[in-house]
Amino acid sequence: MANEVKKGSVEEKCLERLYPRKLALDWWPEVFMDKGCVKLFEDYAYKPAKYADKISKMDAARLLIAEYNTVEVAKKYLRDHPKAIFVNLACGFSTVFQQIDNGQCRAYNVDTRDVLIARKEAVGKGDREQGIIADILEDDFSWFEKIEWTRDDGIFFYALDLFHYMKREDVKRIVANIAVNFPDGMMVFDAASRDGLPKILKTRYDEDEVKNNAGFYFSVDDDAQISKWSVRIADIWRHPLYTYYTKKKANKLGLINLMAVKALDSKNEVQFVELTFKRH
């Protein structure tokens, strides 16, 4: 019997964030396979009352493809850094590390105390996973000291479906501090353009709220915006979200959705950003 999800609980918050991925897995099981996410929604009977009906197929595909990209880039990173450290910012119930894990790398899941307690019960905790209690919106990065790593190991940060809903200055501050403290590291995140941002925000927020506040949330339209955040940023690769998707897999989304994907890519409304940091 599925576990009950209480209204207002931490579990509800974390499952709500994953729900679009769950829908994508239901709609395209031959395209995506996130076994951890599938199991979560087998274990918990949950459907978000607030915005479930707002989620389009492209909303769902966007989130799971951002996850797919992260896994692809991380696996590539592991070829040169098999003992890499992976840091999941505002991890929630994310199951990305389970898809990356090569048996040698390690993970740090960063979130609030309540989320990490709920995560341990819902997702479990592997031998090479560790939770770090932190609120990444606070101007306190002392939690960096809890990450044990070496440059030879390599370190890889990822933030999925997170920065869209954050103020621009907060994103800048987070990335700049990571760049200074983790030389030779790497970071990936998904980001909207200024024109694409309202389409993402509308899934979570009312139309009037989006219209009035979208300008305060994070978006990016050129590399120069990012390069100004820190002199420690070495390389920036900002490309359409679906770059890593092969034609074979994209075709399985169906003709209409494939056309929508190509339209999004041509406008560059949703992007995937990869950063590397300079050696001091």
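Everything below is about the structure printed above this text.
Residues numbered from 1 in each chain as written. Predicted model: local features only at pLDDT ≥ 70, side-chain atom pairs only at ≥ 80, totals over all residues. Heavy atoms only, no water.

**Q** An account of the overall build of the protein is requested, with residue identities and associated values reported.
**A** The secondary structure content of the protein amounts to 11 helices and 7 strands. Here the protein, with 280 residues, has 51% of them falling under the buried criterion. The long-range share in the protein, meaning contacts at least 24 apart out of those at least 6 apart in sequence, stands at 76%. Per element, the accessible surface of the protein, about 13,600 Å² overall, is 48% carbon and sulfur. (Helix = DSSP H or I, 4+ residues; strand = E, 2+ residues; numbered from the N terminus. Buried < 20%, exposed > 50% of the residue type's maximum accessible area, 1.4 Å probe, protein only. Contact = heavy atoms within 4.5 Å. Areas by Shrake-Rupley, 256 points an atom, 1.4 Å probe, with all protein chains shown as cover.)

**Q** Which residues make up the layout of surface pockets, and what values go with them?
**A** Considered as a void within the structure, the largest pocket measures approximately 630 Å³ in volume. Forming the walls of the largest pocket are 22 residues, and the residues nearest its centre are K13, R17, A90, L162 and R204. Those elements that place two or more of their residues in the lining of the largest pocket are helix 1 (10–27) and strand 2 (106–111). The element contributing the most residues to the lining of the largest pocket is helix 1, with 4 residues. (1 Å grid on protein atoms, 1.4 Å probe; cavity = no way out; pocket = protein on both sides within 12 Å on 5 of 7 lines; lining within 4 Å. Points joined across faces, edges and corners; volume = space filled by probe spheres on them.)

**Q** Now, about the pairing of strand 5 (residues 186–192): what can you tell me, with residues and values included?
**A** Successive side chains on a regular strand alternate, one facing one side of the sheet and the next facing the other. Counted residue by residue, strand 5 has 7 buried out of 7 residues, so it is predominantly covered. In strand 5, alternate side chains face the same way, and those of M186, V188, D190 and A192 on one face and M187, F189 and A191 on the other are all buried. In this sheet, strand 5 lies alongside strand 4 (residues 155–159) in parallel orientation, the contact comprising 4 bridges. Within strand 5, the position partnered with A159 by the bridge is F189. (Pairing = 2+ DSSP bridges.)

**Q** Quick one: what's the story with the side chain of S219, residue by residue and with numbers?
**A** In this fold, S219 is placed in the loop between helix 8 (207–213) and helix 9 (223–227). By relative accessible area, which is 7% here, S219 ends up buried. With residues near it in sequence (within four places) discarded, S219 still touches R168, A192, S193, R194, L197 and Q225.

**Q** Explain helix 7 (residues 197–204) to me, using residue names and the numbers behind them.
**A** All of the buried residues in helix 7 are L197, I200, L201, T203 and R204. Buried residues of helix 7, viewed axially, fall in a sector of 145°; they line one side. (Arc of directions from axis to C-beta.)

**Q** Report on the packing of aromatic side chains, specifying residues and quantitative values.
**A** Counted according to the given criterion, the structure contains 15 aromatic pairs. Each ring, one from F144 and one from F182, has its centre 5.0 Å from the other, and the planes form 80°; the classification is edge-to-face. Of this pair, F144 sits in the loop between strand 3 (129–133) and strand 4 while F182 sits in the loop between helix 6 (168–181) and strand 5, placing them 38 residues apart in sequence. Exposure remark for F182: the relative accessible area of 2% places this residue in the buried category. Ring geometry for F189 against F218: centres 6.2 Å apart, planes inclined by 65°, an arrangement best described as edge-to-face. With F189 in strand 5 and F218 in the loop between helix 8 and helix 9, this pair connects stretches of sequence that are 29 residues apart. Classification of F218 as buried rests on a relative accessible area of 2%. Here a set of aromatic residues connected by ring pairs shows up, and it is made of F141, W143, F144, W149, F157 and F182. (Phe/Tyr/Trp six-rings, centres within 6.5 Å; stacked < 30°, edge-to-face > 60°.)

**Q** Give a detailed account of the sheet that holds strand 7 (residues 270–277), specifying residues and quantitative values.
**A** Strand order in the open sheet formed by 7 strands is 3-2-1-4-5-7-6, and the pairing between neighbours is mixed. Both edges of this open sheet fall to strand 3 and strand 6 (233–240), since each of them pairs with a single strand only. With strand direction ignored, the average angle separating the axes of adjacent strands in the sheet is 20°. Bridge count between strand 6 and strand 7: 7 bridges; the pairing is antiparallel. Bridge pairing links D235 to T276 in strand 7. The strands touched by helix 6 within the sheet are strand 1 (85–89), strand 4, strand 5, strand 6 and strand 7, with strand 7 carrying the most contacts at an inclination of about 30°. (Axes fitted to C-alpha atoms, helices over the stretch in contact; angles between N-to-C directions.)

**Q** Would you mind going over the pattern of salt bridges in detail, with residue names and values included?
**A** In this structure the tally under the stated criterion is 9 salt bridges. In this structure, D43 and K39 form a salt bridge, with 2.7 Å as the shortest nitrogen-oxygen distance. Here K39 and D43 lie together in helix 2 (residues 35–43), a separation of 4 residues that amounts to about one turn. (Salt bridge = Lys/Arg side-chain N within 4 Å of Asp/Glu carboxyl O.)

**Q** Describe in detail the packing of helix 1 against helix 3 (residues 57–80), supporting the description with residues and values.
**A** Between helix 1 and helix 3, whose axes approach to 8 Å, the crossing angle comes to 100°. Here helix 1 is positioned roughly perpendicular relative to helix 3, judged by the angle of their axes. Facing P20, R21, L23, A24, L25 and W27 of helix 1, the residues of helix 3 in contact are K57, A60, A61, L63, L64 and E67. Among the residues making up the contact of helix 1 with helix 3, the classes are represented as 9 nonpolar, no polar and 3 charged. (Parallel < 35°, antiparallel > 145°, perpendicular 65-115°, else oblique. Nonpolar A, V, L, I, M, F, W, Y, C, P; charged D, E, K, R; others polar.)

Without other data, these values stay purely geometric and don't point to any function.
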